[in-house]
Amino acid sequence: MKDSIIRYTKMRNKSPLLIATVLLGLNLGFAGSANAQRSHKKATAKKTQAPAKDTVPLEGGKSFTVTSDFTPSLKPASKINFSSTTALPTPEKTPLNYNVPAQNLTFTYNPAFLRPLAVNIDTGSVWRNSHFVKLGYGNYATPYLEGGFSLGDGYHSAVTIHAKHTSSKGSLPLQEFGKTDIEASGVFAVSDKNELEARVYYDNNKQFAYGGLMPDQAYNKDSLRRTYHDIGVKLGFSNKFQNATGIDYHPTIAIDAFGDNHSGKESTLSLDAPFSKRLNETFVAKLGAGVDVSSFKKDGLAIDNNLVTIRPSIEINRPDFKMNLGVIPSFYNGEFNLMPNLSLEAKMRDERFIAMAGWKGYYNKNTYRSLTTFNPWIAIPMDFNYTRTSEIYGGFKGTAGDHLTFNATVAYLTQKDAPLFMNRADDNLFDVLSDDINNLRFHGELGFNAKQSFSLLAGITLNNYSKIENAEHAWGLSPIQMNGSLRWRILPAVLLKSDLDLWTGGYYNDPTDGAKNLSGAADWNVGAEVDIIKNVGLWLQVNNVLNNKYQRFYNYQTIGANIMGGIIFNFGQLKK
């Protein structure tokens, strides 16, 4: 204590300013401590007033005091904040364009056998593996054998096979005919998007050049025999659905070998490659190319023809009309020709009526095969050419009601190197003459269909030949042709059939009187098929009911009424 007073006294003596500073610091320190104690007392008092105190006794005389109840609680979770956004816009609908053609049908009047369906057929249909055999016999020593068979499942392949043989022997010398046809055709799925078409055929026709022969006349049968055999194959490849590029294609190749029993041989090759691409809803671009080569040879004689064509065009499709604008550059035996390819179809106010007009050029490929098919009694031609045709036409087609269809056109044709058939004066054969000719043609068709039980078809073609450059007349060509066909299933088991052909005769050269017309003719055929028991039926056919022994070509009279009948076997299994 004494030491402290002494130190204090010394410090006081030494520095009055320092002593004042120390006293001020102590005063501030005591003031701060007092304020802190007052704040602590207030907080403690406030804290002890909130909870209620409970004393809990324990064993052994001990106890503890609960100053606060335990209240469990969860840690506040972070909230998910959703941003308020508008709904996404509805996707734009893809426009679906359907090109539905007018339902106007073009009918043919020769009954055809069953053709294969396209593969991947609609699930609402089924492919029927059905087969039939038709056997019969008739007067004029006429056997008849026909068969049709279908193979495949209809999804990956569809194949039909057809075979037919018939022959007849008339009352005139060497008035004999025989015909055998075999054909197989099919469609095969190469992939999900492409398919292959194939056709193989064989034909054999036998007849004699019997025109003008008398019963007591001597003749050489072998020299008068005319036998033609034909074998060929055709392949095609096409897309079944429109691909990503929008290009449709259908290239084909066809090879044919034809010959006769007099050393005549002909081979033909045809290539065709059409392509099209849809540019938009209205325009379709088309491009096609074709190559045709034919070669005929006999005893040192050679006739060669070759044709190359290119077919660019633009097709315009609108709801009320359809138009094709194009040209066809062609090279025939090295000669260039530019042909038109223009057509228009316009719907009238009544959409069931369609007006048509066009101007188109094309070649008719005359070959030894096509010429003998039209007239089997031609002499070996020294030369023949393809016919180049320019056709300007107009007309209409449509439907009336639910059952009637019609079609009518008027056309003016200018033909270069058209084949004419003039009979010889010294024998019974025909020379083939190539000549330039014009033709004003009218063609009309009328059809009536009631459900699937009745159909009636009729057609007429009128030809007015003029401006023949070299020949005196259109030798061997018929000016007027009419035909009709009736199919009527009067009962589920009874089918009636009828076919009628009428025509006026063409010009021929009479050895004594010069140019004359052959008489017109009518060939009426009727028939019936009746199912007697399951898969078995009977058939009857009468050809040339009127017994009209007409001449389609001069001196070649046909046989009279031909009555045939027999049995039909139907069998097969339905494939789902």
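Colleague: Which parts of the structure should I look at to understand the packing of aromatic side chains?
Modeller: The description of an aromatic ring pair rests on the distance of the ring centres and on the angle between the ring planes. For the coordinates displayed, the defined rule picks out 25 aromatic pairs. Between Y228 and Y368 the ring centres are 6.4 Å apart and the planes differ by 75°, which places this aromatic pair in the edge-to-face class. Pair noted here: Y228 is in strand β8 (residues 225-239) and Y368 is in helix α4 (residues 368-374), with a separation of 140 residues, a long-range link. Residues Y228 and Y368 agree in their burial class; the two are buried. When the ring of F430 is compared with that of F553, the centres are 5.8 Å apart and the planes differ by 70°; the resulting orientation is edge-to-face. You can see F430 sitting in strand β19 (residues 430-450) and its partner F553 sitting in strand β27 (residues 551-553), a full 123 residues away along the chain.

Colleague: Explanation requested: the pairing of strand β10 (residues 252-260) in the structure shown.
Modeller: The side chains of a regular strand alternate between both faces of the sheet. By the bridge criterion, nine bridges tie β8 to β10 in an arrangement that is antiparallel. Looking at β10, one finds that V233 is bridged to I255. Where β10 lies against strand β11 (residues 265-278), eight bridges are found, and the strand directions are antiparallel. Counted as the bridge partner of T252 is D272 from β11. What sits between the antiparallel neighbours β10 and β11 is a turn of four residues, in which S263 has the positive phi angle 70°.

Colleague: Help me understand the nonpolar core, please; the structure alone is not making it clear to me.
Modeller: The biggest cluster of nonpolar side chains holds 25 residues, and the ones touching the most others in it are Y368, W377, I378 and F430. Counting residues per element, the ones that place at least two in this core are α4 and β19. When neighbours within four sequence positions are excluded, Y368 is seen to be in contact with Y228, F258, D260, E266, F296, I378, I380, P381 and F384. Core analysis: the second largest hydrophobic core is formed by eight residues, L420, I437, I468 and A474 among them.

Colleague: What exactly am I supposed to notice about a nonpolar patch on the surface here?
Modeller: Among the surface-exposed residues, F188, V190, L196, V200, V233, L235, F237, I253, I255, L269, L271 and V293 lie close enough to one another that they form a single nonpolar patch of about 860 Å² accessible area. When residues of the nonpolar patch are traced back to their parent elements, those giving at least two are β7 (194-208), β8, β10 and β11. Considering each element in turn, the nonpolar patch owes the most residues, three residues, to β8.

Colleague: So what exactly am I meant to see when it comes to the pattern of salt bridges here?
Modeller: One side chain can pair with another of opposite charge once the charged atoms of both are near each other. Summed over all chains, the structure comprises 16 salt bridges. In this structure, D299 engages K298 in a salt bridge whose closest nitrogen and oxygen atoms are separated by 3.0 Å. On the basis of relative accessible area, K298 is assigned to the buried category, the value being 15%. Here K516 makes a salt bridge to D513, at a shortest N to O gap of 3.1 Å.

Each value, and the rule that gives it
Residues numbered from 1 in each chain as written. Predicted model: local features only at pLDDT ≥ 70, side-chain atom pairs only at ≥ 80, totals over all residues. Heavy atoms only, no water. Phe/Tyr/Trp six-rings, centres within 6.5 Å; stacked < 30°, edge-to-face > 60°. Helix = DSSP H or I, 4+ residues; strand = E, 2+ residues; numbered from the N terminus. Buried < 20%, exposed > 50% of the residue type's maximum accessible area, 1.4 Å probe, protein only. Pairing = 2+ DSSP bridges. Core = buried A, V, L, I, M, F, W, Y, C linked by side-chain atoms within 4.5 Å. Contact = heavy atoms within 4.5 Å. Patch = residues over 30% accessible without salt bridge, like charges linked within 9 Å, V, L, I, M, F, W, Y side chains within 5 Å. Areas by Shrake-Rupley, 256 points an atom, 1.4 Å probe, with all protein chains shown as cover. Salt bridge = Lys/Arg side-chain N within 4 Å of Asp/Glu carboxyl O.

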